[in-house]
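Each chain, letter by letter, is given below.
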Amino acid sequence: MDWTKKRCVPCEGGVPKLARARAEELLATLDGWDLQGEKLHRHFRFRDFAGAMRFVNALAALAEQEGHHPDFALHDWNLLDVTTSTHAIGGLSENDFILAGKIDRLPREAPPEGR
Ligand SMILES: C[C@H](O)[C@H](O)[C@H]1CNC2=NC(N)=NC(=O)C2=N1
């Protein structure tokens, strides 16, 4: 599945959330994400705080473009946890997989090997 060819659609509720089995199927199309309840989650480590912040700013621009917004926590100066779910339906929708797939392609300044 090439999520970069899709766009998030405005979601104000009224659509069913993805069933767990379907979410697990779609999870296999992503890189490094896991399911936490009805949310997608991925952990990132960066070379330094500045690199983490550049990624967070790129993440924010992507979310604005897609009109679909993740939750994130930057902690311990270079660690970032990103989660996404579709708040309007209280669970996962295809929007979350599109966003996650596009997040996977954002440039990342990873730490030197072994750190
Ligand atoms: C109209 C627009 O699609 C909605 O307000 C969007 C905005 N961003 C959103 N982001 C997320 N994660 N869930 C939503 O339900 C959501 N709704």
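Keep in mind the model is a prediction, meaning the values are calculated, not measured.

Rules of the game
Residues numbered from 1 in each chain as written. Predicted model: local features only at pLDDT ≥ 70, side-chain atom pairs only at ≥ 80, totals over all residues. Heavy atoms only, no water. Helix = DSSP H or I, 4+ residues; strand = E, 2+ residues; numbered from the N terminus. Expected span 1.5 Å × (residues − 1). Contact = heavy atoms within 4.5 Å. Near = heavy atom within 4 Å. Polar contact = N/O pair within 3.5 Å; in protein donor to acceptor, adjacent residues only side chain to side chain. Areas by Shrake-Rupley, 256 points an atom, 1.4 Å probe, with all protein chains shown as cover. Core = buried A, V, L, I, M, F, W, Y, C linked by side-chain atoms within 4.5 Å. Buried < 20%, exposed > 50% of the residue type's maximum accessible area, 1.4 Å probe, protein only. Pairing = 2+ DSSP bridges. Salt bridge = Lys/Arg side-chain N within 4 Å of Asp/Glu carboxyl O.

Enquirer: Help me out: how do you make sense of helix α2 (residues 49-66) in this one?
Expert: Helical periodicity: at 3.6 residues per turn, an α-helix aligns residues three or four positions apart in one direction. End to end, α2 covers 25 Å across 18 residues, agreeing with the expected 26 Å (1.5 Å per residue, within 8%). Tucked into the core, α2 has its buried residues touching β2 (39-45), β3 (71-75), β4 (79-84) and α3 (94-103). The positive-phi residue at the C-terminal boundary of α2 is G67, with phi of around 65°.

Enquirer: I tried to follow the site of the ligand on my own but got confused; where do I start?
Expert: Taken together, P10, C11, E12, G67, H68, H69, S85, T86, H87 and A88 make up all the residues around the ligand. Between the ligand and C11 there is a distance of 3.1 Å, counted from an oxygen atom to a backbone nitrogen or oxygen. A distance of 2.8 Å separates a nitrogen atom of the ligand from a polar backbone atom of S85. Relative to its unbound accessible surface of 390 Å², the ligand loses 76% to contact with the protein.

Enquirer: How do you make sense of the nonpolar core when you look at a structure like this?
Expert: Taken as a class, soluble globular proteins show a tendency for nonpolar side chains to be buried jointly. Judged by nonpolar contacts, the single largest core of 25 residues is most densely connected at W33, L40, F97 and I103. Of all the secondary structure elements, the ones that give two or more residues to this core are α1 (20-27), β2, α2, β4 and α3. If near-sequence neighbours (up to four positions away) are discounted, I103 is found in contact with W33, F44, F55, L59, L62, V82 and R108.

Enquirer: Even after reading the chapter, I still don't get the pairing of β4, so can you show me in this structure?
Expert: For a regular strand, side-chain orientation follows a simple rule: the groups alternate between the two sheet faces. Burial within β4 is extensive, with five of its six residues counted as buried. Here β2 pairs with β4 via six bridges, running antiparallel. Paired with R42 across the bridge in β4 is V82. Direction of pairing for β3 relative to β4: antiparallel, over a ladder of five bridges. Its bridge partner being in β4, H75 is matched across the sheet by L79. From the end of β3 to the start of β4, which pair antiparallel, there are three residues, and D76 there has a positive phi angle of about 50°.

Enquirer: Explain the pattern of salt bridges here, please?
Expert: Once the charged atoms of two side chains with opposite charge are near each other, the side chains can pair. In total, this model carries 11 salt bridges according to the counting rule given. The shortest N-O distance in the salt bridge between E38 and K17 comes to 3.1 Å. Here the residue E38 occupies a position in the loop between β1 (34-36) and β2, and K17 occupies one in the segment before α1, the gap between them amounting to 21 residues. Taking the shortest distance from any N to any O, the salt bridge between D31 and R42 comes out at 3.6 Å. With D31 in the loop between α1 and β1 and R42 in strand β2, the pair connects residues that are 11 residues apart, well separated along the chain. Judged by relative accessible area, which is 42%, D31 ranks as partly exposed. Connected through shared salt-bridge partners, R7, E66 and K102 make up one network.

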